[in-house]
Amino acid sequence: MKRASITGAVSQIDGKELLKAPMGNVTNMLGGRVAGVVALQQSGQPGSDGASILVRGSGAKYIVDGVARDFSQIDPNDIESVSVLKDASSAAIYGMDASAVIIVTTKRGKAAPAKISYTGTFGLSQNAVMLEMLDGPGYAYWYNKAREMDGDTPIFTQRQIDMMLNGDPSDGWGNTNWYEKTFGTGYNQSHNLNVTGGNERIKYFTSIGYFDQEGNVKNFSFDRINIRSNIEAKIAKSLTFTFGVAGQIGDRKEPGFPAGGTSGTSVSTAPWLSIAEQAAYAHPYLPKTYDGLPTASQNNYGNTINPIAATELSGYSKSQTVAVQTNAALQWDLPWVKGLSLKVMGAYDRSSTTSKILSTPYFLMLASTPNSTSQDITYSKASDPRNNANVTTGKKTNNLTEGFSQWRRITSQASISYKNTFAEKHKVDLLALIETRDYKTNKFSASGKDIPFPQLPELDQATTPADKPIGGSSDASRKVGLVFRGQYNYADKYLFEFSGRYDGSYKFIGNVSGRRWGFFPSVSLGWRMS
């Protein structure tokens, strides 16, 4: 339900504007298109490249077709318009978590002959700025220079620098630009086919879309299928039924090490072990391989790093998300009272995600930099940073984790509205609404070690229990809100609005004992000068 206030700070973008950029995530399309809206994209990883949206410096609440929903994975071809409510007077009726609101309205059918449309895009992706990294001889020069400035003896000799450039990795020296070897060129493509049309009795819009994204780092990918259908039927002269359903299937894949890392406790997710960090810190005077194994240097934390091995040998993390969203509404325009309408709406949303994470250890040849006691490069066999490969025994302990998570949300609304004009100059618009939300979620996971055939990884093949073999949790919450809004317009010149929301939530119980309700009112005045 679109409830944008004419006295509040409101901006709107037509859906056609969003299609001018070949992006799969709608959040990245809003930045720079609306005053006061900032889109902060912190990752370019396929499937995880959504932006955090700030409206006048604060987070926003998202509403899709009248229901609180995430909109990042909606097919842009399905969007009719996006409205941004920027201030308290326009956002107050959306409740306690709405300092600003972004309202997305999807496309509806029109009373016109059936029309079939196809839209397709293709784009390439590269790092916006490719860093200029030192090559092997450059690294040796500045390393020696730094030692000289500290009063120490240079380490790298001219003979060693010559070996970096001779193209023979068997001597242990090389000239590898790990950054360029890691970051290449990715691509994304999208296709959408939709049908729209109808008559005065029934209108329809149906679409199916496909989005495919390959990262500019090997083995990072994401693809998504979207379907949507919106139907509006005039089942009687004063009775209108609307129904909408949307589905989504998204598949995401990445290596055992993440693209950008997190601050998590797991060593494989530590930010200093992300593939990007490994590419930045790997020493350029090493060849890609030595004695049949990938070479490695150490970062400041003493971890063995090689971005190419981390991309190709570390295993994988795969997940698939299946989501469905439904809306159904019935509106009755009372024939004996002009402008008076009753409306009921229900929405059922559900999402489930299955994941499979296989961690495969691997060996590296760790290089020891020449120093004051050793004048040549030396190598020793070492495990990857997760330390699940035993150099002494040669055993590699792989780990398999499978998980499942799901959530469902039920939203219901019942409203009465009155809109009329008196004596041509006095316009009144009144609304009273009650909304309930019921949310439940649960998840579980299982892990095992020592899969004999990692090419066919299944949990029942694990021969050793994991450190935490089983995990799970669940959660539930409910909210109810009473909404009212009154607007008065005199001669389209003087404007007054009073609105508010009375929210009930378990979150209020800790503020004042025995109270679970909060009131969020707003008043706004407007004077149209011309």
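A quick note: this is a predicted structure, and the numbers were derived from the prediction, not measured.

So, about the overall build of the protein. In terms of regular secondary structure, the protein is built from 7 helices and 25 strands. Taking the principal axes of the C-alpha coordinates as reference, the protein spans close to 100 × 60 × 60 Å. Counting across all 530 residues of the protein, residues that qualify as buried make up 44%. Considering only contacts in the protein between residues 6 or more positions apart, those separated by 24 or more positions represent 67%. Here the protein displays about 26,900 Å² of accessible surface, and carbon together with sulfur accounts for 55% of that area. Averaging the locations of the 55 positively and 46 negatively charged side chains of the protein gives two centres separated by 12 Å.

Here we come to the nonpolar core. With 20 residues, the main nonpolar core has Leu-18, Leu-30, Ile-53, Phe-71, Ile-102 and Val-104 as its most contacted residues. Secondary structure elements with two or more residues in this core: strand 3 (51-55), strand 5 (61-64), strand 7 (79-85) and strand 8 (101-106). If we skip the residues at most four places from it in the chain, Leu-30 touches Ile-13, Leu-18, Val-37, Ile-53, Phe-71, Val-82 and Ile-102.

Tallied over the entire structure, the rule returns 17 salt bridges. The partner of Lys-356 in a salt bridge is Glu-458, with the nearest N and O atoms 3.5 Å apart. A residue pair is termed long-range when its members are at least 10 positions apart, and Lys-356 in strand 18 (residues 340-359) and Glu-458 in the loop between strand 22 (426-449) and strand 23 (464-490) qualify at 102 residues. A residue is classified by how much of its surface remains accessible, and Lys-356, at 19% relative accessible area, is buried. The shortest N-O distance in the salt bridge between Lys-427 and Asp-492 comes to 3.1 Å. A residue pair is termed long-range when its members are at least 10 positions apart, and Lys-427 in strand 22 and Asp-492 in the loop between strand 23 and strand 24 (494-505) qualify at 65 residues.

This brings us to the environment of Thr-421. Along the chain, the position of Thr-421 falls in strand 21 (residues 399-422). Taking the C-alpha atoms as reference points, Thr-421 and Asn-489, 68 residues apart in sequence, are found 9.2 Å from one another.

In space, the 5 strands of this open sheet follow the order 1-7-8-5-6, with mixed pairing throughout. The strands lining the two open edges of the sheet, one partner per strand, are strand 1 (10-14) and strand 6 (67-68). Pairing analysis gives 2 bridges linking strand 5 to strand 6, with the strands arranged antiparallel. Directly across from Ile-63, in strand 6, lies its bridge partner Ala-68.

The next subject is empty space enclosed by the protein. What the rule picks out here adds up to 2 cavities of 30 Å³ or more. Counted as a void, the largest cavity has a volume near 70 Å³. Residue classes in the lining of the largest cavity are distributed as 3 nonpolar, 1 polar and 7 charged.

Locating Ser-447 in the fold gives a position in strand 22. Side chain to side chain, Ser-447 and Thr-401 meet in a polar contact 2.8 Å long.

On any regular strand, side chains alternate: one points to one face of the sheet, the next to the other face. Where strand 14 (residues 289-290) lies against strand 15 (residues 293-298), 2 bridges are found, and the strand directions are antiparallel. By the bridge assignment for strand 15, Tyr-290 is matched with Leu-293. Taken together, strand 14 and the strand that follows it, strand 15, pair antiparallel across an intervening segment of 2 residues, in which Asp-291 is found at a positive phi of about 55°. Sheet analysis places strand 15 next to strand 19 (residues 363-368), joined by 2 bridges and oriented parallel. Note on strand 19: the bridge partner recorded for Thr-295 is Met-365. As paired strands, strand 15 and strand 16 (residues 304-305) are joined by 2 bridges and run antiparallel to one another. Pairing of Ser-297 across the sheet is with Ile-305, part of strand 16. The loop that links strand 15 with its antiparallel partner strand 16 comprises 5 residues; one of these, Gly-302, has a positive phi angle of about 80°.

Here we come to unusual backbone geometry. Unlike most non-glycine residues, Ala-491 shows phi in positive territory, near 60°. Mapped onto the elements, Ala-491 comes out in the loop between strand 23 and strand 24. The exposure class assigned to Ala-491 is partly exposed, which follows from its relative accessible area of 34%. Although it is not a glycine, Asp-492 sits at a positive phi angle of roughly 55°.

This part takes up a nonpolar patch on the surface. Among the surface-exposed residues, Ile-116, Tyr-118, Leu-193, Ile-208, Tyr-210, Ile-225, Ile-227, Ile-249 and Val-322 lie close enough to one another that they form a single nonpolar patch of about 810 Å² accessible area. Here Tyr-118 is to be found in strand 9 (residues 115-125). With a relative accessible area of 51%, Tyr-118 lands in the exposed category.

Attention now moves to the packing of aromatic side chains. Scanning the entire structure with this criterion turns up 20 aromatic pairs. Ring geometry for Tyr-139 and Tyr-285: centres 5.4 Å apart, planes at 50°, overall tilted. Residue Tyr-139 is found in helix 3 (residues 136-149), and its partner Tyr-285 is found in the loop between helix 6 (275-281) and strand 14; the two are separated by 146 residues along the sequence. There is no split in this pair, since Tyr-139 and Tyr-285 are both buried. Measuring from ring centre to ring centre gives 6.3 Å for Tyr-490 and Tyr-494, while their planes differ by 25°; the resulting arrangement is stacked. Tyr-494 gets classed as partly exposed once you look at its relative accessible area, which sits at 41%. Cluster of aromatic residues (ring-pair linked, three or more members): Tyr-139, Tyr-143, Phe-156, Trp-173 and Tyr-285. Of note, Lys-318 hangs over the ring of Tyr-316, and the distance from its end group to the ring centre comes to 4.5 Å.

Below, the discussion takes up the sheet that holds strand 3. Strand order in the open sheet formed by 3 strands is 2-3-4, and the pairing between neighbours is antiparallel. Looking at the sheet topology across the chains shown, the edges are occupied by strand 2 (37-41) and strand 4 (58-59). Judged from the 2 bridges that link them, strand 3 and strand 4 form a sheet pairing that is antiparallel. Residue pairing for strand 4: Val-55 is matched across the bridge by Ser-58.

Cut-offs applied
- Residues numbered from 1 in each chain as written.
- Predicted model: local features only at pLDDT ≥ 70, side-chain atom pairs only at ≥ 80, totals over all residues.
- Heavy atoms only, no water.
- Helix = DSSP H or I, 4+ residues; strand = E, 2+ residues; numbered from the N terminus.
- Buried < 20%, exposed > 50% of the residue type's maximum accessible area, 1.4 Å probe, protein only.
- Contact = heavy atoms within 4.5 Å.
- Areas by Shrake-Rupley, 256 points an atom, 1.4 Å probe, with all protein chains shown as cover.
- Lys, Arg positive; Asp, Glu negative; His and termini not counted.
- Charge placed at Lys NZ, Arg CZ, Asp CG, Glu CD.
- Core = buried A, V, L, I, M, F, W, Y, C linked by side-chain atoms within 4.5 Å.
- Salt bridge = Lys/Arg side-chain N within 4 Å of Asp/Glu carboxyl O.
- Pairing = 2+ DSSP bridges.
- 1 Å grid on protein atoms, 1.4 Å probe; cavity = no way out; pocket = protein on both sides within 12 Å on 5 of 7 lines; lining within 4 Å.
- Points joined across faces, edges and corners; volume = space filled by probe spheres on them.
- Nonpolar A, V, L, I, M, F, W, Y, C, P; charged D, E, K, R; others polar.
- Polar contact = N/O pair within 3.5 Å; in protein donor to acceptor, adjacent residues only side chain to side chain.
- Patch = residues over 30% accessible without salt bridge, like charges linked within 9 Å, V, L, I, M, F, W, Y side chains within 5 Å.
- Phe/Tyr/Trp six-rings, centres within 6.5 Å; stacked < 30°, edge-to-face > 60°.
- Lys NZ or Arg CZ within 6 Å of the ring centre and 35° of its normal.

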